Amino acid sequence: MLTLLDQLDKGTLWRSPGGIHPPEVKFLSNSTPISQLPLAQEYLVPVPQVGENCTLAVKVGDKVLKGAPLTQGTSIWHLPVHAPTSGTVVAIEPRASNHASALPVNTCVIAADGEDRWCELTPGSIELSNHEMIAKIHGAGIAGMGGAAFPSHIKLNPVSEIELVIINGVECEPYISADDRLMREYSQDILAGIGIIHRLLAPKRIVIAIEDNKPEAIKAMQQAVSQSVLPAGSTRVTAIPTKYPSGGEKQLIQIITGREVPSGAIPAKLGIVVHNVGTAFAIHQAVTQGKPLIERVVTVTGQNVGKPGNYWLPIGTPVEHVLKHTEFNAEADQKVIIGGPMMGHALPTIQVPILKGTNCILVPSSQEIGTTPEEKACIRCGECANACPALLLPQQLFWHAKAEEYDKAASYNLKDCIECGCCSYVCPSDIPLVEYYRIAKSALKQAADEKHQAERAKLRFEARIQRLEEEKLAREAKAKEAAARRQATMTSTDKNAVAEAMARIAAKKAAAAETTVDNAPVEVVAADASSTEAPKGKAAVAAAIARAKAKKAAAAAQGADDAKSSQQAVSSVQTASSEQNEPTEQTESLSQKDKVAAAIARAKAKKAALKADSDVNDNTDIATDNTDKPATETTANAEVDDKKAKVAAAVARAKAKKAAAQQAESTEVAEVQSKLAADAKPESESSSIPSTPLSPEDEKKAKVAAAVARAKAKKAAAQQAESSDVAEVLPEQAADAKPDSNNESGNGPDSATDLSAPLSPEDEKKAKIAAAVARAKAKKAAAQQAESTEVAEVQPELVADAKPELTNEPDSEAGNESSSVAKPSAPLSPEAEKKAKVAAAVARAKAKKAAREANAISDANE
């Protein structure tokens, strides 16, 4: 069985899948030698062109020479860019790119001076070391000249052993003949470059592959091989069948060796490297002459070009300048294509430069390339799959790319598509399949870049977190070391001082906590009946509550004393006023009522004062007893003291409520009576003559006011009686669950001891509910009584303001029908108005008396 090398020596070829045979149309440009064009006035050099970002070595206004580097970088992926001619850097700005999108890229604009002077070159020789050769190739900025523009110095320094080097001179794209003319005219220089590649890679075989439609190039290369210094039998020229796209890297390897490069892999993994004939020529110039890659052969062809052919064009030459000097005849809707008709792209503008990978400028006429046909629906014929040289499924790729399902398209090996255009060429529906694939590839590339950036950001974040954690640990370790040093150097006196300081701080904290507990409001919580030991601080809490209640009761008693003195002053004033006047029979009746009201007020004030004093004494005794007990006795009788405190608190609450209500009522009565006395005193002083008897009309009005006040008082009394009934019933329910504690005045320490038997949880809960309901009802009744009192106060004034005109009916009927009034009559006299106010005050006093009695009953029940 023959080995691969034996098969190569015999010239064995394998058939590649897919492919098409489009019209070649190479005769337009391959019949004339390579020519030169005049220098352009301005050159556009994109920076960077190939590889990673770099740093500009020039600035605006600098003078540059031909071949001078414009950029510099340290990355292995960086390829420097050189000045295509001598001149001045006039601008560094974004300009349109040589791309179908014409997106702006950073461009160095050089104005040519016309001298075309070279910078100083450093020629080399074949005697240089491999490292020096690769450095010179890298410094020359040489990239793949076949169109991919991959950095050549990387392919010349592989990590694996290389057995076979293929020099690609196939040039299968229609219209293009740049490599054909280069092999015809510069075959010796190409072989010299191949010799440098052989020196660097040391392959076992070198195969120069050329399509059989280029017989002149094949003959020239065979003659150059026979004259070269390469080892005999190591290099051969192999003609392959004309078929598009046989010039593709993977397709050419499959034709020459029969091996298929795996998906996602590179040929170097198979021990194979492929270089273009133009790249070999540039390597020879860089190593032996020291020339950087600043120009290349470009085919300018098409029926709309007056001088088609191949030209040496400096990198950065504007396409507009090239077309101008090749007699370009533009048509309406003229297309200018960079590359061939199969893999090239149309330019949106001709103000773009020639790049290192530009091999053709195609300017076809409308007869050569017609208008773009309308896209039709796919008929699933399968012709695209038959023509695909990469053995892909173009139909599936099209569906997913059109639906923007780029992940699914990638699962069908979209990245293996070489964008040869065979599928679009054979499609009967005129679907631009390659355009869909390019868009999908661009979207996947963008997504991959974003993912890569996110991963880098994540790594930076994690590194930052780790750094901060390390710094924190270092600080903690440093602090511990410092503390250990201080501890080691500390004397016994210092240690004692530190211990004393810590003790003082702890004592201060404890004192502050105790002060906070004493000043904070305390809520008494019922003790659990099943517990046998009361908490340690319950006796102190009960004593504090008792002291607060005693203070509140004392304040209420003081208010009652003030009200008592005010009522006595008012009654004396009213008595003097009544003695100075000479009333009629009706007037005597009203004065008698006034005296009765004053007497009632004095009696009630005295009663309130006595009760307040007794409450203060009782509460004070309870508080004193609770606070004076020793700690040992409190601990022993904790349960008894707790219940005594509860009883004392309940008594204090009841007395305080009653004293507050009595004080508010007596104060209000005193204020009203003071006003009446003030009104009556000037009147009595100024009237030295006895008043005349009331007219029937005035007497009628006074009776109406008194009747209204009595009605309001009766209503308030009824409401108060209802609330008292409720209050009487609810305490009876609580009494079933608690021992007898109804005697308010006798609920001292002795009576509190009767509660020593613990209540069950259910009875205690019922008692709490009953007490809460009673308190709510009492509050509601007090509010209603206050509202009715206010109505009684306002009503006489409304009657007086209304000034009704009474009818001539009998007095008894007028008293019963107080609401029936006639038209207004003459205003009341001052004396009549005064009598009406006195009557209203008497009615209010009676109403308040009824309310106080109801409150007393409610408090007694509680």
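Residues numbered from 1 in each chain as written. Predicted model: local features only at pLDDT ≥ 70, side-chain atom pairs only at ≥ 80, totals over all residues. Heavy atoms only, no water.

Draft legend 1. Focus on the overall build of the protein. Of regular secondary structure, the protein possesses 24 helices and 16 strands. A burial count over the protein gives 41% of its 862 residues as buried. For the protein, the proportion of contacts with a sequence separation of at least 24, taken over those separated by at least 6, is 77%. Accessible surface, the protein as shown: approximately 45,000 Å² in total, 54% of it carbon and sulfur. (Helix = DSSP H or I, 4+ residues; strand = E, 2+ residues; numbered from the N terminus. Buried < 20%, exposed > 50% of the residue type's maximum accessible area, 1.4 Å probe, protein only. Contact = heavy atoms within 4.5 Å. Areas by Shrake-Rupley, 256 points an atom, 1.4 Å probe, with all protein chains shown as cover.)

Draft legend 2. Quick look at the packing of helix α5 (residues 187-201) against helix α8 (residues 277-289). Packing of α5 against α8 leaves a shortest axis separation of 7 Å and a crossing angle of 80 degrees. Taken together, the axes of α5 and α8 are roughly perpendicular relative to one another. Mapping the contact onto sequence places Asp189, Ile190, Ala192, Gly193, Ile194, Ile196 and Ile197 in α5 and Val277, Ala280, Phe281, Ile283, His284, Val287 and Thr288 in α8. Looking at the contact of α5 with α8, its residues break down into ten nonpolar, three polar and one charged. (Axes fitted to C-alpha atoms, helices over the stretch in contact; angles between N-to-C directions. Parallel < 35°, antiparallel > 145°, perpendicular 65-115°, else oblique. Nonpolar A, V, L, I, M, F, W, Y, C, P; charged D, E, K, R; others polar.)

Draft legend 3. Quick look at the side chain of Arg205. Assignment of secondary structure puts Arg205 in strand β9 (residues 205-211). Among the polar contacts made by the side chain of Arg205, one reaches the side chain of Asp9 at a distance of 3.0 Å. The contacts of Arg205, once residues within four sequence positions are left out, are Leu5, Leu8, Asp9, Glu163, Leu164, Val165, Gly233 and Ser234. (Polar contact = N/O pair within 3.5 Å; in protein donor to acceptor, adjacent residues only side chain to side chain.)

Draft legend 4. Focus on the sheet that holds strand β8 (residues 164-169). One open sheet holds the four strands; their spatial order is β10-β9-β8-β11, and the pairing between them is parallel. With one partner strand each, in any of the chains shown, β10 (235-240) and β11 (272-276) form the two edges of the open sheet. With direction set aside, neighbouring strand axes in the sheet form an average angle of 25 degrees. In this structure, β9 lies alongside β10, joined through six bridges in parallel fashion. Across the sheet, residue Val207 finds its bridge partner in β10, namely Arg236. (Pairing = 2+ DSSP bridges.)

Draft legend 5. Up close: the side chain of His82. Residue position: His82 is located in the loop between β5 (71-72) and β6 (87-96). Setting aside residues up to four positions removed in sequence, His82 forms contacts with Val45, Gly67, Ala68, Pro69, Leu70, Gly139, Ala140, Gly141, Pro292 and Ile294.

Draft legend 6. Geometry of helix α7 (residues 249-257). The element α7 is extensively covered by neighbouring structure, given that seven of its nine residues are classed as buried. Within the span of α7, buried status applies to Gln251, Leu252, Ile253, Gln254, Ile255, Ile256 and Thr257. Packing partners of the buried residues in α7 comprise α1 (4-10), β8, β9, β10 and β11.

Draft legend 7. Summary view of the pattern of salt bridges. The tally for this structure, following the rule as stated, stands at 19 salt bridges. Two residues, Asp116 and Lys66, come together in a salt bridge whose shortest N-O distance is 3.2 Å. Remark: Lys66 occurs in the loop between β4 (63-64) and β5 and Asp116 occurs in the loop between β7 (104-112) and α2 (130-139); sequence separation between them is 50 residues. In this structure, Lys155 and Glu249 form a salt bridge, with 3.8 Å as the shortest nitrogen-oxygen distance. On the criterion of sequence distance, the pair formed by Lys155 in helix α3 (residues 152-155) and Glu249 in helix α7 is long-range, its members being 94 residues apart. (Salt bridge = Lys/Arg side-chain N within 4 Å of Asp/Glu carboxyl O.)

Draft legend 8. Structural detail: a nonpolar patch on the surface. There is a patch of nonpolar side chains on the surface, built from Ile76, Trp77 and Phe150 and spanning about 290 Å² of accessible area. Its place among the elements puts Trp77 in the loop between β5 and β6. (Patch = residues over 30% accessible without salt bridge, like charges linked within 9 Å, V, L, I, M, F, W, Y side chains within 5 Å.)

Draft legend 9. Looking closely at a positive patch on the surface. A cluster of basic residues, Lys552, Arg653, Lys657, Arg775 and Lys779, forms a positive patch at the surface. Listing elements by their share of the positive patch, those giving two or more residues are α19 (638-686) and α22 (761-802). Within the element layout of this structure, Lys552 appears in helix α16 (residues 538-580). (Lys, Arg positive; Asp, Glu negative; His and termini not counted. Charge placed at Lys NZ, Arg CZ, Asp CG, Glu CD.)

Draft legend 10. Spotlight on the packing of aromatic side chains. For the structure shown, the criterion picks out six aromatic pairs. Residues Tyr186 and Trp312 carry aromatic rings whose centres are separated by 5.8 Å and whose planes lie at 85 degrees to one another, so their mutual orientation is edge-to-face. Here the residue Tyr186 occupies a position in the loop between α4 (178-185) and α5, and Trp312 occupies one in strand β13 (residues 309-314), the gap between them amounting to 126 residues. Given the relative accessible area of 9%, Trp312 is considered buried. Each ring, one from Phe398 and one from Trp399, has its centre 5.2 Å from the other, and the planes form 50 degrees; the classification is tilted. Following the ring pairs from residue to residue traces out a cluster consisting of Tyr186, Phe281 and Trp312. (Phe/Tyr/Trp six-rings, centres within 6.5 Å; stacked < 30°, edge-to-face > 60°.)

Draft legend 11. Spotlight on the nonpolar core. Residues Ile190, Ile194 and Ile208 are the most contacted members of the largest nonpolar core, which totals 44 residues. For this core, the secondary structure elements donating two or more residues are α2, β8, α4, α5, β9, α6 (215-227) and α8. Residues in contact with Ile190, not counting those within four places in the same chain, are Leu182, Met183, Met221, Val277, Ala280 and Phe281. Listed in part, the 23 residues of the second largest apolar core include Tyr244, Ile253, Ile256 and Ile272. (Core = buried A, V, L, I, M, F, W, Y, C linked by side-chain atoms within 4.5 Å.)

Draft legend 12. Geometry of the sheet that holds strand β16 (residues 360-362). Taken together, six strands build an open sheet; the order of strands is β1-β13-β12-β16-β14-β15 and the sheet is mixed. Here the strands that pair on one side only, and so sit at the sheet edges, are β1 (35-36) and β15 (345-346). Pairing of strand β14 (residues 337-338) with β15 involves two bridges; the strand directions are antiparallel. Its bridge partner being in β15, Ile338 is matched across the sheet by His345.

Draft legend 13. Focus on α2. By the burial criterion, the buried members of α2 are Met133, Ile134 and Ile137. Seen from one end, α2 has its buried residues packed into an arc of 95 degrees, which puts them on one side. Where the residues of α2 are buried, they touch α3, α5 and α8. A positive backbone phi angle near 70 degrees is found at Gly141, which sits one or two residues after α2. (Arc of directions from axis to C-beta.)

Draft legend 14. Inspection of unusual backbone geometry at higher detail. Residue Pro245 is bonded to the preceding Tyr244 through a cis peptide linkage, with omega at 5 degrees. Checked against the element boundaries, Pro245 lands in the loop between β10 and α7. With phi around 55 degrees, Arg380 is a residue other than glycine that occupies positive phi space. Note that Arg380 resides in the loop between β16 and α10 (383-387). The exposed category is assigned to Arg380, whose relative accessible area is 54%. The residue Asn413 is not glycine, and still its phi comes out positive at about 60 degrees. In this structure, Asn413 sits in the loop between α12 (406-411) and α13 (422-426). Taking the relative accessible area as the measure of exposure, Asn413 reaches 34% and is therefore partly exposed.

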